[in-house]
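# Structural description and commentary
Below, each chain spelled out in residue letters.
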Amino acid sequence: MKSGHFPHGLRSLQWKLYRTVQSSSSLSSWKPTTSNTSKSNHEDSLRRFCLCLSLLENHKHSSNHFIEILSHAIASGLLSDPFVSSKLLLASFSQFHHHNLRFPRALFFQIHQPNIFAWNFMFRAYARSSSPEQSIAFYNLMRRCSATLPDNHSFPFLLKACGRISLSQKGQELHSLTVKIGLDHDVFVQNSLVSMYSLCGLVWTARRVFDAIPMSVRDVASWNSMISGYLQGNCYWEALQVLGEMLADGCVRPDGVTFVSALTACGRTGSLDLGRKIHGLLARKAFILEVVLGSSLMDMYAKCGQMKTARKVFDRIPEKNVVCWTSLIAGYAHLHLFKEAIELFREMQLCGVKADAATIACVTSACGHLGALDQVQLCGVKADAATIACVTSACGHLGALDQGKWVHAHCERSGIDINLSVKNALIDMYSKCGDIERALIIFHELVGRDVFSWTAMITGLAIHGRCDEALKLFSQMEMSSDVRPNEVTFLGVLSACSHGGFVDKGLLYFNDMTRSYKVTPRIEHYGCMVDLLGRANLLAEAEKFIGAMPIKSDVVIWRSLLFACRCHGNIEMAEFSAKRIEELEPRRGDGRVLLSNAYASASRWSDVSKMRKVMALQMIQKLPGCSSIEIDGVVHEFFVADGSHCQIDSIYETIIRISEPIQAEVFYPGIWD
């Protein structure tokens, strides 16, 4: 072996290893005997062997030396020594990189009788790898071929593997074994059980395990495991309740992980006051706002709509990385402050922070919601098919047909691959922007259609009132063997039935969802059915339908019925629906506004006056109406009594000029009869 093959600084290591191995004559000639001399030689060999391995542990580029030492261990029989084999396994893990377990695995199978350390090494290595199921396979092998039992160090690795692959039955088997061998009060094992059950979705079982841990045994990891388990099960209030129990107990001090989980729960539940108290507690306990904790605090404030406070937290983080920047950008995007998100991204670029995939996704989404592909390009992000699909979808939501056409033309000019997702987005955009014929052309040109293609076209036809065509297209989809309709497809179909007044067909399709396609109706599907019955003036049937729903009716359901009652003059049922709306949303005045309109439609002006007085006393205001128009690729929005538009004076002047000649004309009643 030539020393020139090694990096600078390793030549002395090579020489030390060479001298150590060569001078150890007993290393190659050692035989196990009972004499004192042989025992002394064996101990001397072990000392020399450990010296070699300790030198190797400090050098990552010495795999060739490791192979040489391993060869001597196999030839001399030292590999059968439990201590030597364990040290070699550990060294092989560091020498051949943590992600590559082929060599340690091969070495393990050379050991004649692996001890528990060797087994635990394999449990741990695979539990942390991309193949956690192999950890369970090694456990099964140990129970089948060895008398060795797992110990308190084995179970955390095995339970982690079970949790990662949601193998709850194996986890329960391991749980039973921990009880049999007396580990039911071992805090590390019990914490691992809590985490395993939580990862498997059995959060209430995890809670029973947690409650069984004696208070004197619980540590901060026990509490963190339970809080994290509730978060994984979307039980946010329960997670905060556990935090309260932890603080009330006072035996264990929360750490950064505890507060990160608690802030996540506050953000998901919108608990701003509790989030502020946790922020104050962090300040009093002198916690440093490092990246993870600071990002969680920002995320909580962002989800609670407090972006100014989130920005202050961001500015106080001493060393910001891409995670911090992305958290704040995502916060702006979540609150539809898309311009601020893009500006922060540019600020990030000026600071020299390299964006990752999550950052790009947030910025692209912000540009997409603005329908601004040019902003994507100005941010230095090269548009791809996913970007185009996002921006095109935004144009559809904004009704920005000119912008959408420009994006479509840009794809063709720039040679961007217009894949199926982009074509689906174009169909959706043209449908929502009023150019249904162009949407149909793209749809009929598709070679391979997926469920999104069919759904976008069916929904587009329904929006445009071409209900017969929408249902015919759905029939073609049913005859196609390539795709099956999903829950969104049925929303489009039921919407077509509702707009077309096809009550019988609507009921048939609704029943076919579960009977033929095994699609469980959601609240939106029930809402479509209530709308269908309401439009057909089948108000009693609609009320019965709501009463028979297997899921709790929401505000949208009752609002739909109230609107139908207003259209058909059924004031009694309108009042009943308004009460249900008020019970569900007591702080909002939507029900009263709609009921007031129903009274007005029935010319019950005294009731209108009473209702509006009650609304005024309770400071309930109707949300202003909004309209938009696209001119030269720019979407302009107008609200009722809104004078904020930059050209509002010119608009008013134009309206006055149009109104004057109209008012000058004499109107004769009955002239248009």
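Residues numbered from 1 in each chain as written. Predicted model: local features only at pLDDT ≥ 70, side-chain atom pairs only at ≥ 80, totals over all residues. Heavy atoms only, no water.

What follows deals with the overall build of the protein. Along the protein, the regular secondary structure elements total 37 helices and two strands. For the protein, the residues scored as buried account for 45% of the 673 residues in total. By sequence separation, contacts in the protein at least 24 residues apart represent 59% of the contacts at least 6 residues apart. When the accessible surface of the protein is split by element, carbon and sulfur atoms take 54% of a total near 35,900 Å². (Helix = DSSP H or I, 4+ residues; strand = E, 2+ residues; numbered from the N terminus. Buried < 20%, exposed > 50% of the residue type's maximum accessible area, 1.4 Å probe, protein only. Contact = heavy atoms within 4.5 Å. Areas by Shrake-Rupley, 256 points an atom, 1.4 Å probe, with all protein chains shown as cover.)

Here the structure, examined in full by the defined rule, presents 13 salt bridges. For Glu-173, the salt bridge identified is with Lys-170, shortest N-O distance 3.2 Å. Taken together, the positions of Glu-173 and Lys-170, both in helix H10 (residues 168–180) and three residues apart, correspond to about one turn of that helix. In this structure Glu-173 comes out as partly exposed when scored by relative accessible area, which is 38%. Of the residues examined, Lys-170 reaches a relative accessible area of 14% and is grouped as buried. With a shortest N-O distance of 2.8 Å, Glu-437 and Arg-466 are connected by a salt bridge. (Salt bridge = Lys/Arg side-chain N within 4 Å of Asp/Glu carboxyl O.)

When we look at a pair of aromatic rings, we describe it by the centre distance and by the angle of the planes. Tallied over the full model, the rule gives 18 aromatic pairs. For the pair Phe-510 and Phe-545, a centre-to-centre distance of 5.7 Å together with 65 degrees between the ring planes defines the contact as edge-to-face. Within this pair, whereas Phe-510 is found in helix H30 (residues 503–515), its partner Phe-545 is found in helix H32 (residues 539–547), the two being separated by 35 residues in sequence. Each member of the pair, Phe-510 together with Phe-545, is buried. Three or more aromatic residues joined by ring pairs form one cluster here, namely Phe-108, Phe-109, Trp-119, Phe-123, Tyr-126 and Phe-138. Stacked on the ring of Trp-223, the Lys or Arg Arg-218 has its end atom at 5.2 Å from the ring centre. The aromatic ring of Phe-576 is capped on one face by Arg-580, whose charged end is 4.5 Å from the ring centroid. (Phe/Tyr/Trp six-rings, centres within 6.5 Å; stacked < 30°, edge-to-face > 60°. Lys NZ or Arg CZ within 6 Å of the ring centre and 35° of its normal.)

Of all hydrophobic cores here, the largest spans 84 residues; its most connected members are Leu-89, Met-226, Ile-278, Met-300 and Leu-328. Examining the composition of this core, we find that eight residues originate from one element, helix H7 (residues 116–127), more than from any other. Non-local contacts of Leu-328, meaning those with residues more than four positions away in its chain, are made with Met-298, Met-307, Ala-310, Arg-311, Phe-314 and Leu-344. By size, the runner-up hydrophobic cluster in this structure holds 67 residues, among which are Ile-436, Cys-467, Phe-474 and Tyr-517. (Core = buried A, V, L, I, M, F, W, Y, C linked by side-chain atoms within 4.5 Å.)

Once that is clear, we can look at the confidence of the model for the protein. Reading fine detail from the predicted coordinates is not recommended where pLDDT is low. Per-residue confidence for the protein gives a mean pLDDT of 77, with 70% of residues at or over 70. Across the protein, helix H9 (residues 154–164) holds the top mean pLDDT of 93, while helix H2 (residues 25–29) sits lowest at 35. Across residues 1–37 the pLDDT falls below 50, and counting only partners more than four positions away or on other chains, this stretch makes 49 contacts in the model. Long-range and interchain partners of residues 666–673, a stretch whose pLDDT sits below 50, account for one contact in this model, where long-range means more than four residues apart. (pLDDT = per-residue confidence, 0-100.)

This next bit is on the packing of H7 against helix H8 (residues 133–145). Where H7 meets H8, the axes come as close as 7 Å, and the angle between the chain directions of the two elements is 155 degrees. Between H7 and H8, the angle falls in the class roughly antiparallel. Across from Ile-116, Trp-119, Met-122, Phe-123, Tyr-126 and Ala-127 in H7, the residues of H8 making contact are Gln-134, Ser-135, Phe-138, Tyr-139, Leu-141 and Met-142. Per-class residue counts for the contact of H7 with H8 are ten nonpolar, two polar and no charged. (Axes fitted to C-alpha atoms, helices over the stretch in contact; angles between N-to-C directions. Parallel < 35°, antiparallel > 145°, perpendicular 65-115°, else oblique. Nonpolar A, V, L, I, M, F, W, Y, C, P; charged D, E, K, R; others polar.)

Here the phi dihedral of Ser-166 falls at roughly 55 degrees; this positive angle occurs in a residue that is not glycine. Although it is not a glycine, Lys-518 adopts a positive phi angle of roughly 55 degrees. The exposure class of Lys-518 is exposed, given its relative accessible area of 66%.

What follows concerns the UniProt feature "repeat: PPR" (unreviewed entry) in the protein. With numbering aligned to this structure, UniProt lists the feature "repeat: PPR" (unreviewed entry) at residues 219–253, 321–355 and 450–485. Annotated as residues 219–253, this span is 77% helix and 0% strand, and its ends, taken at the C-alpha atoms, are 9 Å apart. (UniProt positions renumbered as here; feature names shortened; annotations may be inferred.)

Right, let's talk about the side chain of Ser-560 for a bit. With respect to the helices, strands and loops of the structure, Ser-560 is situated in helix H33 (residues 555–568). For Ser-560, a relative accessible area of 17% translates into the label buried. If sequence neighbours within four positions are ignored, Ser-560 has contacts with Gly-527, Val-530 and Asp-531.

Residues that lie three or four places apart on an α-helix share one face, since the helix turns once every 3.6 residues. End to end, helix H15 (residues 256–269) covers 20 Å across 14 residues, agreeing with the expected 20 Å (1.5 Å per residue, within 8%). Taken as a whole, H15 has its buried residues at Thr-258, Phe-259, Val-260, Ser-261, Ala-262, Leu-263, Ala-265, Cys-266 and Gly-267. The secondary structure elements touched by the buried residues of H15 are helix H13 (220–232), helix H14 (236–249), helix H16 (272–284) and helix H17 (291–303). At the N-terminal boundary of H15, the capping side chain belongs to Asp-255, with an oxygen 3.2 Å from the backbone nitrogen of Val-257. Of the residues trailing H15, Gly-270 is marked for its positive phi of about 70 degrees. (Expected span 1.5 Å × (residues − 1). Polar contact = N/O pair within 3.5 Å; in protein donor to acceptor, adjacent residues only side chain to side chain.)

What follows deals with the state of the cysteines. Under the counting rule described, the total for this entry stands at zero disulfides. As a non-bridged cysteine, Cys-304 has Cys-266 as the owner of its nearest cysteine sulfur, 7.3 Å distant. Of the cysteine sulfurs around Cys-565, a residue in no disulfide, the closest is that of Cys-567, at 9.2 Å. (Disulfide = S-S within 2.5 Å.)

With that out of the way, let us pick up the packing of H32 against H33. At a closest axis distance of 11 Å, the pairing of H32 and H33 adopts a crossing angle of 170 degrees. In terms of axis orientation, H32 runs roughly antiparallel to H33. In contact with Leu-539, Ala-542 and Ile-546 of H32, H33 contributes Ile-557, Trp-558, Leu-561, Ala-564, Cys-565 and His-568. A per-class count over the contact of H32 with H33 returns eight nonpolar, one polar and no charged.

A word on the environment of Pro-521. Its place among the elements puts Pro-521 in the loop between H30 and helix H31 (523–535). In this structure Pro-521 comes out as buried when scored by relative accessible area, which is 13%. Apart from the residues lying within four places of it in its own chain, the contact partners of Pro-521 are Phe-510, Met-513, Thr-514 and Tyr-526.

So, about H9. The element H9 is extensively covered by neighbouring structure, given that eight of its eleven residues are classed as buried. For H9, the complete set of buried residues consists of Ser-154, Phe-155, Pro-156, Leu-158, Leu-159, Ala-161, Cys-162 and Gly-163. Tucked inside the fold, the buried residues of H9 contact H7, H8, H10 and helix H11 (187–199). Directly beyond the C-terminal end of H9, a positive phi value near 55 degrees is found at Ser-166.

A word on the environment of Val-194. Within the secondary structure, Val-194 is located in helix H11. The exposure class of Val-194 is buried, given its relative accessible area of 0%. Separated by 28 residues in sequence, Val-194 and Ser-222 have C-alpha atoms that sit 7.9 Å apart. Apart from residues no more than four positions distant in its own chain, Val-194 is found in contact with Ala-206, Val-209, Phe-210, Ser-225 and Met-226.

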